[in-house]
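Here is what each chain is made of, one letter per residue.
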Amino acid sequence: LSAMDSAKAALVQATQILGTSPHKKLLTEVELELARVLADMDDAQGALSALARAKILQEAVAAPPLQQAVTLNIWGSILNDELAYKLAAEKLTQALKLRVDNGASATEIAGSTSNLAYSLSKLGQLTQANKLFEQAYQLRLKSLGALNVEVAVTRLNFARTERDLG
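Cut-offs applied
- Residues numbered from 1 in each chain as written.
- Predicted model: local features only at pLDDT ≥ 70, side-chain atom pairs only at ≥ 80, totals over all residues.
- Heavy atoms only, no water.
- Helix = DSSP H or I, 4+ residues; strand = E, 2+ residues; numbered from the N terminus.
- Buried < 20%, exposed > 50% of the residue type's maximum accessible area, 1.4 Å probe, protein only.
- Contact = heavy atoms within 4.5 Å.
- Patch = residues over 30% accessible without salt bridge, like charges linked within 9 Å, V, L, I, M, F, W, Y side chains within 5 Å.
- Areas by Shrake-Rupley, 256 points an atom, 1.4 Å probe, with all protein chains shown as cover.
- Salt bridge = Lys/Arg side-chain N within 4 Å of Asp/Glu carboxyl O.
- Lys, Arg positive; Asp, Glu negative; His and termini not counted.
- Charge placed at Lys NZ, Arg CZ, Asp CG, Glu CD.
- 1 Å grid on protein atoms, 1.4 Å probe; cavity = no way out; pocket = protein on both sides within 12 Å on 5 of 7 lines; lining within 4 Å.
- Points joined across faces, edges and corners; volume = space filled by probe spheres on them.
- Nonpolar A, V, L, I, M, F, W, Y, C, P; charged D, E, K, R; others polar.

This brings us to the environment of Ala 63. Here Ala 63 shows up in the loop between α3 (44–60) and α4 (65–81). Judged by relative accessible area, Ala 63 falls into the buried class, the value being 8%. Between the alpha carbons of Ala 63 and Leu 18 there is a distance of 17 Å; along the sequence they are 45 residues apart. Ignoring sequence-local partners within four residues, the contact set of Ala 63 consists of Gln 58 and Gln 68.

Structure, rendered in structure tokens:
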């Protein structure tokens, strides 16, 4: 088995064990990690299912807003990969609001901002996307410095929307 297959098997086993226990907070973390592994294995549908289960569990245990934002951000990113831009934008808007309202780090806010901008650019909402890419770029530049890959990618996306706007 590959390392990813091994991780998936361990996480599936953990969900089965924890599913019958009172440890819902831990089960939430396992479901979230399973979603990440499945997404890395290009199993978007499995990842989305795990995220849906994690979100339900988070609501049941009143998970902290920033934990909910992580789930929504991952969900939106996977939906972007699956070309479901409208639904991705909805999830990412929720994630961004939770992050801004609850004191997330600048890099976390920049990540949600950039992901949302990408969704909006694919939906043809170039003016709004451009503003968000610029915000994400400025946040990443300040917190990560100019010689960072995330800064460069955000700058590239910002430049693309500038070009597309004419």
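Back to the text.
Before going further, it helps to spend a moment on the side chain of Ser 114. Among the structural elements, Ser 114 can be located in helix α6 (residues 106–122). Contact partners of Ser 114, with chain neighbours within four places excluded, come to Phe 133, Ala 136, Arg 140 and Thr 154.

Moving on to a negative patch on the surface. Judged by side-chain charge, Asp 40, Asp 42, Asp 81 and Glu 82 come together as a negatively charged surface patch. Position of Asp 40 relative to the elements: it lies in helix α2 (residues 24–40). Under the relative-accessibility criterion, Asp 40 is labelled exposed at 60%.

There is about 360 Å³ of room inside the largest pocket. The wall of the largest pocket is formed by 16 residues, among which Ser 77, Gly 111, Ser 114, Asn 115 and Arg 140 lie closest to the centre. Looking at the lining of the largest pocket, the elements with two or more residues in it are α4, α6 and α8 (149–165). Top element by residues in the lining of the largest pocket is α6. It accounts for 6 residues. Looking at side-chain class alone, the lining of the largest pocket contains 2 nonpolar, 9 polar and 5 charged residues.

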